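Residue strings, one per chain:
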Amino acid sequence: MRLAFRTAAIATLSIAAMGLGTPLALAHGDGGGNSGGGGSYGASHDRGSGRDGVRAASYINRDTGAATENPDVNRGSSCTNPDHRDQQRLSDPGTANRNVHNDACFLDNRGQKVNGPASFQSSGVGFISACPDPDGTGPQYSRLSDTNGDGRNDLCFQSSYQMTGAAGDLEFHARFNNTAMPGVQHVVWCADADANGCRDERVKDGIRINWNNG
């Protein structure tokens, strides 16, 4: 619990200092709770408290205009209109030339983006190839790890959404890659105050990447 309280404090203080949105109430699969006056939530979209309806929205970014642009992904894919599925060719060995860009948001019951610590968790084929620091050299942080020891990074924890003054602020970002084996990669994204992955969380959403040989 010490990490959960530390993470909650970081997220709350950072948002209060920068004036960027409202911090997400921190709760888990045990039924939820309150932090800093926020209400509890459960499942992907909770209205149980009547105060804080928060839902997770994860989507695949088409990367329009970039070298990694993927025409299989809807042009309008976003937190409000998410494309959850992708057909993608394996990247060339030793490269990330066809990686997949996954973005995500927490949305309140007015559709406004809110903050809170979160994780991307990968299973199946492929791996997490990028887990960016939310604010560069600032107080927020990210941590990329291999939780099952198979040599592939499968958990990206981020203490906050992006706050860099660039495109993509107020959203969470990660990239996924596969150079080895065709198959399905499942990526769950969730509120994760204890930074231990999505299995014990209820506010979550996910994408599916079908990697193939083209």
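Our structure's up above, just so we're on the same page.
Throughout this document, residue positions are counted from 1 along each chain, in the order its sequence is written. Where local features are concerned, this predicted model is filtered to residues with pLDDT of at least 70; where side-chain atom pairs are given and counted, the filter is 80 or more; whole-chain, interface and lining totals use all residues. Here the side-chain values reflect all heavy atoms present in the structure, with hydrogen atoms and water set aside.

Trainee: Would you mind going over the overall build of the chain in detail, with residue names and values included?
Mentor: In DSSP terms, a helix is any run of H or I states spanning at least four residues, a strand is any run of E spanning at least two, and both are numbered starting from the N terminus. Secondary structure assignment for the chain yields 1 helix and 11 strands. Going from the N terminus to the C terminus, the chain shows its helices and strands as α-β-β-β-β-β-β-β-β-β-β-β. When accessible area is computed with a 1.4 Å probe and restricted to protein chains, residues below 20% of their type maximum are described as buried, those above 50% as exposed, and intermediate ones as partly exposed. Out of the 214 residues in the chain, the part that is buried amounts to 46%. Of the contacts made within the chain by residues no fewer than 6 positions apart, 65% connect residues no fewer than 24 positions apart. Surface exposure here means Shrake-Rupley accessible area, sampled with a 1.4 Å probe, where a residue is shielded only by the protein chains that are shown. For the chain, the exposed area adds up to about 9700 Å²; of that, 50% sits on carbon and sulfur atoms. Should any heavy atoms of two residues lie within 4.5 Å, those residues are considered in contact.

Trainee: Tell me what's going on with the pairing of strand S10 (residues 183-191), and back it up with residues and numbers.
Mentor: Strands qualify as paired when DSSP identifies two bridges or more between them. In the sheet, strand S5 (residues 118-124) pairs with S10 via 7 bridges, with the strands oriented antiparallel. Of the residues in S10, the one forming a bridge with Ser122 is Val187. Note: S10 against strand S11 (residues 204-212), 8 bridges, orientation antiparallel. The residue of S11 that forms the bridge with Trp189 is Asp205.

Trainee: Kindly report on the pairing of S5, identifying the contributing residues and their values.
Mentor: For S5, the buried fraction is high: 5 of the 7 residues fall into the buried class. Note that S5 and strand S8 (residues 155-158) share 4 bridges and pair antiparallel. Paired with Gln121 across the strands is Leu155, a residue of S8.

Read these as spatial facts, not as claims about activity.
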